[in-house]
Amino acid sequence: LSVSTAALALFVSPVLAQESCDPGETVVKFSHVVAGTGHPKGDAANLLAKRVNEEMNGKMCMQVFPNSTLYDDDKVMEALLLGDVQLAAPSLAKFEPYTLKYRLFDLPFLFQDLDAVNRFITSDSGKGLLDVMQDSGFQGLGYWSSGLKQFSANKPLVMPEDASGLKYRIQTSDVAEAMIKALGGSAQKLAFNEVYGALQTGVVDGQENTWSNIYTQKFFEVQDGITETNHQLLAYLLVTSTDWLDGLDPDVRDQFLKIVNEVTQNANDNVAAIEKKNRQNIIDAGSKVRELTPEQRQAWVDKMKPVWTQFEGDIGKDLIDAAVASNN
Ligand code: LMR
């Protein structure tokens, strides 16, 4: 097992040297869409690869492909089923074609902070949701939370009325669409790698994402500041295909899943610090972060939270109640 040190790769971009795999090793390709480093998902993917490659040398070999270099979040699901990649971590908003249960995680103002998210994803209700796509051929291996989302636009947003009449890029999520409609805006579903261009050219006026995505994708450069709404969770499902997982040698599978669980825990422990750093990076880069008073924030809650009722039937009231209870 060796690490390729192609000089060109070192000069062209700050990508990590790609692991080269030996004959006999089970190759695990992990495709994701965010920055390769300095982002909760990018860092967690690298840690997972590092541990697999060190501890399972000779048995398994993991290669990470960040920044949508292999697939976007739509295509990666097909690629998992075809066996072209073995791991992905799309946000929970991206699974609508396979399950409507994950709409839960998109409900605006559901979780008060990342500690509440952690309590829910480690609860029986949360863990049970890892298995809901088995009939479609997918197995959830763990949740990697990534922070709460903030709004930005090409004009200052302080009150929800400021958001009215604007067009926002959203993920492929009907909950997000309903939320933007409740604000009086219009929503356009776009792949993550198209967002910067859409903001820059005015195809959309605004967006909503975490500090880490706003910083590492440079969205702040083409927006009039960021408003700290903390209105919705961004979390990922580390996902594989049931066929691939079932086909692994049981010892190899056990060792792999043990590492996955430890890295998942570690990733979730580190999110808050990475998010805080990227929030500061945005300020240091000269962009404005607008904090809301409790009254101003409540006005956003009052506008958006009523959309919950539209999705209660898809999600189930029991699950919503369990998630709400994790706030205490
Ligand atoms: C988005 O599309 O905004 C996010 O899902 C991207 C990501 O993976 O963080």
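Cut-off values and rules
Residues numbered from 1 in each chain as written. Predicted model: local features only at pLDDT ≥ 70, side-chain atom pairs only at ≥ 80, totals over all residues. Heavy atoms only, no water. Helix = DSSP H or I, 4+ residues; strand = E, 2+ residues; numbered from the N terminus. Rg over C-alpha atoms; globule rule 2.2 N^0.38 Å. Buried < 20%, exposed > 50% of the residue type's maximum accessible area, 1.4 Å probe, protein only. Contact = heavy atoms within 4.5 Å. Areas by Shrake-Rupley, 256 points an atom, 1.4 Å probe, with all protein chains shown as cover. Lys, Arg positive; Asp, Glu negative; His and termini not counted. Charge placed at Lys NZ, Arg CZ, Asp CG, Glu CD. Expected span 1.5 Å × (residues − 1). Near = heavy atom within 4 Å. Polar contact = N/O pair within 3.5 Å; in protein donor to acceptor, adjacent residues only side chain to side chain. Nonpolar A, V, L, I, M, F, W, Y, C, P; charged D, E, K, R; others polar. Salt bridge = Lys/Arg side-chain N within 4 Å of Asp/Glu carboxyl O. Axes fitted to C-alpha atoms, helices over the stretch in contact; angles between N-to-C directions. Parallel < 35°, antiparallel > 145°, perpendicular 65-115°, else oblique. Left-handed = near helix turned anticlockwise from the far one by under 90°. Pairing = 2+ DSSP bridges.

Caption draft 1: Here's a closer look at the overall build of the protein chain. When its secondary structure is counted, the protein chain shows 15 helices and 13 strands. For 328 residues, the compact-globule formula gives about 20 Å, and the C-alpha radius of gyration of the protein chain, at 20 Å, lands near that figure. With respect to the principal axes defined by its C-alpha atoms, the protein chain has extents near 60 × 50 × 30 Å. Per-residue burial over the protein chain gives 53% buried out of 328 residues. Counted over contacts in the protein chain with a minimum sequence separation of 6, partners at least 24 positions apart contribute 74%. Of the accessible surface of the protein chain, which amounts to about 14000 Å², a share of 50% is contributed by carbon and sulfur atoms. Between the averaged position of the 29 positive side-chain charges in the protein chain and that of its 44 negative side-chain charges there is a distance of 5 Å.

Caption draft 2: Here's a closer look at helix α2 (residues 40-55). Along its 16 residues, α2 runs 22 Å from first to last C-alpha, staying within 8% of the 22 Å computed at 1.5 Å per residue. Taken residue by residue, α2 has P40, K41, G42, A44, A45, N46, L48, A49, R51, V52 and N53 as its buried positions.

Caption draft 3: Molecular detail of the site of the ligand. Near the ligand, the surroundings consist of V33, V34, K41, S91, K94, R169, Q171, F192, N209, N213, L234 and Y236. In the model, an oxygen atom of the ligand is placed 3.4 Å from a nitrogen or oxygen of the S91 side chain. Taking Q171, its side chain carries an N or O atom lying 2.9 Å from an oxygen atom of the ligand. In isolation the ligand exposes 270 Å². Once the protein is present, 100% of that is buried. Residues belonging to the shell around the ligand are distributed by class as follows: five nonpolar, four polar and three charged.

Caption draft 4: Representation of the pattern of salt bridges within the structure. This structure, assessed with the given rule, holds 15 salt bridges. As a salt-bridge pair, K189 and D174 come within 2.6 Å of each other at their nearest N and O atoms. Taken as a pair, K189 in strand β9 (residues 186-189) and D174 in helix α8 (residues 174-182) lie far apart in primary sequence, 15 residues in all. The residue K258 makes a salt bridge to E262 at a minimum N-O spacing of 3.1 Å. Residue K258 and its partner E262 are located together in helix α12 (residues 250-284), separated by four residues, close to a single helical turn. For K258, a relative accessible area of 54% corresponds to the exposed category. On the basis of relative accessibility, which here comes to 33%, the residue E262 falls in the partly exposed class. Through salt bridges that share partners, E96, R103, D174, E177, K189 and D314 make up one connected network.

Caption draft 5: Layout of the packing of α2 against α12. The geometry of α2 relative to α12 is characterised by a closest axis approach of 9 Å and an angle of 150 degrees between their N-to-C directions. Here α12 runs roughly antiparallel to α2, going by the angle between their axes. Seen from above, α2 lies across α12 with right-handed handedness. Listed contacts from α12 to P40, D43, A44, L47, L48, R51, V52 and E55 of α2 are Q255, F256, I259, V260, E262, V263, N266, A267, V271 and I274. For the contact of α2 with α12, the per-class residue count stands at twelve nonpolar, two polar and four charged.

Caption draft 6: Examining the environment of K288 more closely. Relative to the elements of secondary structure, K288 occurs in the loop between α12 and β13 (289-290). Residues K288 and Q223, spaced 65 residues apart in sequence, show a C-alpha to C-alpha distance of 9.5 Å. Beyond its immediate stretch of four places on either side in the chain, K288 contacts G225 and I226.

Caption draft 7: Structural context of the pairing of strand β7 (residues 150-153). Neither face of β7 is exposed, since Q150 and S152 on one face and F151 and A153 on the opposite face are all buried. As defined by bridge partners, β7 adjoins strand β10 (residues 206-209) across four bridges and the pair is classed as antiparallel. Residue pairing for β10: F151 is matched across the bridge by E208. Relative to strand β11 (residues 226-227), β7 is paired through two bridges, and the arrangement is antiparallel. By the bridge assignment, F151 is partnered in β11 with T227.

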